[in-house]
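Reading the structure
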Amino acid sequence: RGRSTPAPVASTPAPVASTPAPVASTPAPVPSTTPAPVPVPATPAPVASTPAPVAPTTPAPVSVPATPAPVAPTTPAPVSSTTPAPVVSTCVDSPLRLKIIKDGNIISRSCTWVGNKATIQRCAMAGVSDACPVTCNSCSTCEDTSLRMRLTKSDGTSVVRNCEWVARKDTPNRCSWSSNTCRATCGQC
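Residues numbered from 1 in each chain as written. Predicted model: local features only at pLDDT ≥ 70, side-chain atom pairs only at ≥ 80, totals over all residues. Heavy atoms only, no water.

Summarising the sheet, strand 1 (residues 98–102) and strand 2 (residues 105–109) pair through 5 bridges and their orientation is antiparallel. Paired with lysine 102 across the two strands is asparagine 105, which belongs to strand 2. Here strand 1 hands over to strand 2 after 2 residues, with aspartate 103 in that stretch at a positive phi of 55 degrees. (Pairing = 2+ DSSP bridges. Helix = DSSP H or I, 4+ residues; strand = E, 2+ residues; numbered from the N terminus.)

Another point: the state of the cysteines. Across all of its chains, the model carries 6 disulfides by this definition. Shown here is the disulfide that connects cysteine 91 with cysteine 139, its sulfur atoms set 1.6 Å apart. Between cysteine 91 and cysteine 139, the S-S dihedral sits near -65 degrees, and the bridge is therefore left-handed. With cysteine 91 in the segment before strand 1 and cysteine 139 in the loop between helix 3 (128–131) and strand 3 (148–152), this residue pair connects regions lying 48 residues apart in the sequence. (Disulfide = S-S within 2.5 Å.)

For the rest of this paragraph, the subject is the nonpolar core. Within the largest apolar cluster, 24 residues are counted, with the highest numbers of intra-cluster contacts made by Leu98, Ile100, Val114, Val128, Cys132, Met149 and Leu151. Not counting residues within four places of it along the chain, the set of residues in contact with methionine 149 comprises Leu96, Arg97, Leu98, Val159, Val160, Arg161, Asn162, Cys163, Ser178, Thr181 and Cys182. (Core = buried A, V, L, I, M, F, W, Y, C linked by side-chain atoms within 4.5 Å. Buried < 20%, exposed > 50% of the residue type's maximum accessible area, 1.4 Å probe, protein only. Contact = heavy atoms within 4.5 Å.)

A word on the sheet that holds strand 1. Taken in spatial order, the 4 strands line up as 2-1-3-4 in an open sheet, and their pairing is antiparallel. Looking at the sheet topology across the chains shown, the edges are occupied by strand 2 and strand 4 (158–161). Neighbouring strand axes in the sheet, compared pairwise and without regard to direction, differ in orientation by 30 degrees on average. For strand 1 and strand 3, the ladder comprises 2 bridges, and the chain directions are antiparallel. What sits directly across from leucine 98, in strand 3, is methionine 149. (Axes fitted to C-alpha atoms, helices over the stretch in contact; angles between N-to-C directions.)

With that settled, consider the confidence of the model for the protein. Considering every residue of the protein, the mean pLDDT works out to 71; 52% of them sit at 70 or more. Scored below 50 in pLDDT, residues 46–50 makes 0 contacts in the model with residues more than four places away or belonging to other chains. Scored below 50 in pLDDT, residues 78–88 makes 1 contact in the model with residues more than four places away or belonging to other chains. (pLDDT = per-residue confidence, 0-100.)

A positive phi angle, close to 55 degrees, is found at aspartate 103, a residue other than glycine. Structurally, aspartate 103 can be placed in the loop between strand 1 and strand 2. If you check the backbone angles, aspartate 170 has positive phi at about 50 degrees while not being a glycine. With respect to the helices and strands, the residue aspartate 170 is situated in the loop between helix 4 (163–168) and helix 5 (171–178). Exposure remark for aspartate 170: the relative accessible area of 45% places this residue in the partly exposed category.

Here's what the structure looks like:
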């Protein structure tokens, strides 16, 4: 078998152009691979990261009762015993004899009689609860009684009158005779 001879290798290089190809001075636009700018939101104003100050939670002061200063005993002023001060009671039964209409008849009775028996029925009679407010538990009403009453005058004589007569004239003097029977006229309630 024979040996093969290698093929001759050309040693002359290929001709090279001596003038380079013309190149444009402005490059052609190339699509950008860089993404378009994305608007960045404005940075908010800095927020304080420390919490707002909180008032201290100190408990309210507890007051301690003060010890009262010693008080020197006082001596009451002397009171004249010649004239007693008038005591005004706003709710008192009349001590007078009242002219009450019972079963069509006029009878003369007192508040003691009203309270002795059948008090509820007797208090329901016209004018009785106004003349006997304690016995009839009617102190909250301030009215003159419609009943006539036996009044004893300062000269010792007695007359039968009503609260209209007491109010007509010389009221302060007549109120002293009517003894809490005309409570509204005499300002006793």
